[in-house]
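A structural walkthrough
Each chain, written out:
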Amino acid sequence: MNAQLLDGKATAAEIRRDLAERVAKLSATLGRPPGLGTVLVGDDPGSRAYVAGKHRDCAQVGIASIRRDLPADASQQQVEETIDELNADPACTGYIVQLPLPRHLDAGAVLERMDPAKDADGLHPVNLGRLTLGVEAPLPCTPRGIVELLRRHEVPLAGARVCVIGRGVTVGRPIGLLLTRRSENSTVTLCHTGTKGLAWHVREADIVIAAAGSPGLVTKDMLRPGAAVLDVGITRTDQGLVGDIHPDAAEVAGWLAPMPGGVGPMTRAMLLANVVEAAERTVGAV
Ligand SMILES: Nc1nc(=O)c2c([nH]1)NC[C@@H]1CN(c3ccc(C(=O)N[C@@H](CCC(=O)O)C(=O)O)cc3)C=[N+]21
């Protein structure tokens, strides 16, 4: 079997082109472009690179960038003041707090202080609650990107058995909430480090979403032939970035979202989509 590529890079580029048109209209209506803010605390090279990438994406679609970089030893109060500023700034349509925050900070308190209407990540407790209740809210970017990637490649979702590996707040926990909506109608199993018989769960699945951060965790012998396999793991090693899916998996998978070039670019595109939608809500266009 030669897996069909779930090409996140190309799909994200397509989405950015559509968004650029909506941004142009919004900019005319609003008298200024929508703005994405980022709050980065500290100088982790990975986090810096992600934030830089988000601002490049913004420039490409015509969204204004608002950057707030704070030192690694910033106090809780300093970070919360930055949040208050962005909440009050009319040029900032939506923003994100780059995670993880340094350990001395209370990330939960920072997220709760955000204006839920400006939560571009969909990770504010109010918005995660709305997602659980099925009320409209900005959706978490990576889960939204995964659903969009599967839909645009016509991977069957209705009745599909999905195995998610990893219970993180940004991917593993919320993805099940999206895929089990009536509009998707999948059946989701959430596996984690306490799961007994992981290989059995993976083998049952039509769709495998690996978001554990465990390099090469999913090997070809674990997979149902023809399954859609999405690599959401990123581990930085001396040999570069390594995903959760072993490269051999491409031999048995029916579809493959590789890392890099799969879900990562979709995550970034969905962040832009959340900002555009937040701006459209402010002018009553949605
Ligand atoms: N508040 C917050 N929101 C996030 O969305 C968030 C976060 N914090 N903290 C860190 C994770 C990680 N994340 C990625 C997004 C895109 C790529 C991406 O585009 N990856 C490229 C490769 C990038 C590279 O070379 O490093 C790809 O897969 O092709 C990766 C990782 C968002 N995160």
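The structure presented is a predicted model; accordingly, all values stated were derived computationally and were not measured. (Residues numbered from 1 in each chain as written. Predicted model: local features only at pLDDT ≥ 70, side-chain atom pairs only at ≥ 80, totals over all residues. Heavy atoms only, no water.)

1. Looking at empty space enclosed by the protein
Within the structure shown, the criterion is met by 1 cavity of 30 Å³ or more. Here the largest cavity is characterised by a volume of approximately 40 Å³. If you go around the largest cavity, the residues you meet are Gly-94, Ala-117, Lys-118, Asp-119, Ala-120, Pro-138, Asn-274, Val-275, Ala-278 and Arg-281. Ranked by the residues each element gives to the lining of the largest cavity, the list is headed by helix H9 (residues 263-282), at 4 residues. Its residues assigned to classes, the lining of the largest cavity comprises 5 nonpolar, 2 polar and 3 charged. (1 Å grid on protein atoms, 1.4 Å probe; cavity = no way out; pocket = protein on both sides within 12 Å on 5 of 7 lines; lining within 4 Å. Points joined across faces, edges and corners; volume = space filled by probe spheres on them. Helix = DSSP H or I, 4+ residues; strand = E, 2+ residues; numbered from the N terminus. Nonpolar A, V, L, I, M, F, W, Y, C, P; charged D, E, K, R; others polar.)

2. A few points about the UniProt feature "binding site: NADP(+)" (unreviewed entry) in the chain
As recorded in UniProt, the sites labelled "binding site: NADP(+)" (unreviewed entry) are Gly-166, Arg-167, Gly-168 and Ile-234. Of the residues named above, Gly-168 and Ile-234 line the largest pocket. Relative to the helices and strands, Arg-167 resides in the loop between strand S5 (161-165) and helix H7 (172-179). The contacts of Arg-167, once residues within four sequence positions are left out, are Gly-172, Arg-173, Leu-190, Cys-191, His-192, Thr-193 and Gly-194. Looking at the element boundaries, Gly-168 is found in the loop between S5 and H7. (UniProt positions renumbered as here; feature names shortened; annotations may be inferred. Contact = heavy atoms within 4.5 Å.)

3. Here's the deal with the sheet that holds strand S2 (residues 35-41)
On the basis of which strands lie adjacent, the open sheet formed by 3 strands has the order S3-S2-S4 and parallel pairing. Every other strand in the sheet has two partners, leaving strand S3 (64-70) and strand S4 (94-97) as the edge strands with one partner each. Neighbouring strand axes in the sheet, compared pairwise and without regard to direction, differ in orientation by 15° on average. Strand direction decides the pairing type here: S2 and S3, joined by 7 bridges, are parallel. Along S3, the bridge assignment pairs Thr-38 with Arg-67. Docked against the sheet, helix H3 (residues 76-88) engages S2, S3 and S4, running at close to 165° with respect to S3. (Pairing = 2+ DSSP bridges. Axes fitted to C-alpha atoms, helices over the stretch in contact; angles between N-to-C directions.)

4. Some remarks on the site of the ligand
Taken together, 14 residues are adjacent to the ligand, and Val-97, Gln-98, Leu-99, Asp-121 and Gly-261 come closest. Within the backbone of Val-97, an N or O atom sits 2.7 Å from a nitrogen atom of the ligand. One nitrogen or oxygen atom from the side chain of Gln-98 is found 3.0 Å from a nitrogen atom belonging to the ligand. Burial of the ligand by the protein chains amounts to 77% of its free accessible area of 670 Å². Among the cavities detected, the one that contains the ligand is the largest pocket. Contributing elements (two or more residues each) for the shell around the ligand: helix H2 (45-61) and H9. Per-element tally for the shell around the ligand: the top contributor is H9, with 3 residues. For the shell around the ligand, a count of residues per class yields 7 nonpolar, 3 polar and 4 charged. (Near = heavy atom within 4 Å. Polar contact = N/O pair within 3.5 Å; in protein donor to acceptor, adjacent residues only side chain to side chain. Areas by Shrake-Rupley, 256 points an atom, 1.4 Å probe, with all protein chains shown as cover. Sits in = over half its atoms within 2 Å of the grid points.)

5. Comments concerning the domain arrangement of the chain
The assigned domain composition of the chain is domain 1 (20-134 + 266-282) and domain 2 (141-264). Listed by partner, the interface residues are 16 residues for domain 1 and 16 residues for domain 2. When the two sides are added together, the surface that domain 1 and domain 2 hide from each other amounts to roughly 1400 Å², 64% of it contributed by carbon and sulfur. Here Arg-144 makes a salt bridge to Glu-277, at a shortest N to O gap of 2.8 Å. Elements with a minimum of two residues in the side of domain 1 that touches domain 2: H2, helix H5 (125-133) and H9. Counting residues per element, the side of domain 1 that touches domain 2 draws most heavily on H9, at 8 residues. Counted by class, the side of domain 1 that touches domain 2 contains 9 nonpolar, 4 polar and 3 charged residues. (Domains from an automatic or database assignment. Buried area = accessible area lost by both parts, 1.4 Å probe. Salt bridge = Lys/Arg side-chain N within 4 Å of Asp/Glu carboxyl O.)

6. Things to note about the packing of helix H1 (residues 8-30) against H9
Look at H1 against H9: their axes get within 9 Å of each other, and the N-to-C directions meet at 20°. Accordingly, the angle class assigned to the pair H1 and H9 is roughly parallel. Our pair here, H1 against H9, has a crossing hand that is left-handed. Contact residues: H1 offers Gly-8, Lys-9, Thr-11, Ala-12, Ile-15, Arg-16, Leu-19, Arg-22, Val-23, Leu-26 and Leu-30, while H9 offers Pro-265, Met-266, Ala-269, Met-270, Leu-272, Ala-273, Val-276, Glu-277, Ala-279, Glu-280 and Thr-282. Considered class by class, the residues forming the contact of H1 with H9 number 14 nonpolar, 3 polar and 5 charged. (Parallel < 35°, antiparallel > 145°, perpendicular 65-115°, else oblique. Left-handed = near helix turned anticlockwise from the far one by under 90°.)

7. So, the sheet that holds strand S8 (residues 228-231)
Pairing is parallel across the open sheet formed by 6 strands, whose spatial order is S1-S11-S8-S7-S5-S6. Because the sheet does not close on itself, it has two edges, and the strands there are strand S1 (4-5) and strand S6 (187-191). Here 5 bridges tie S5 to S6, and the two strands are oriented parallel to one another. Bridge assignment links Ile-165 to a residue of S6, and that residue is Cys-191.

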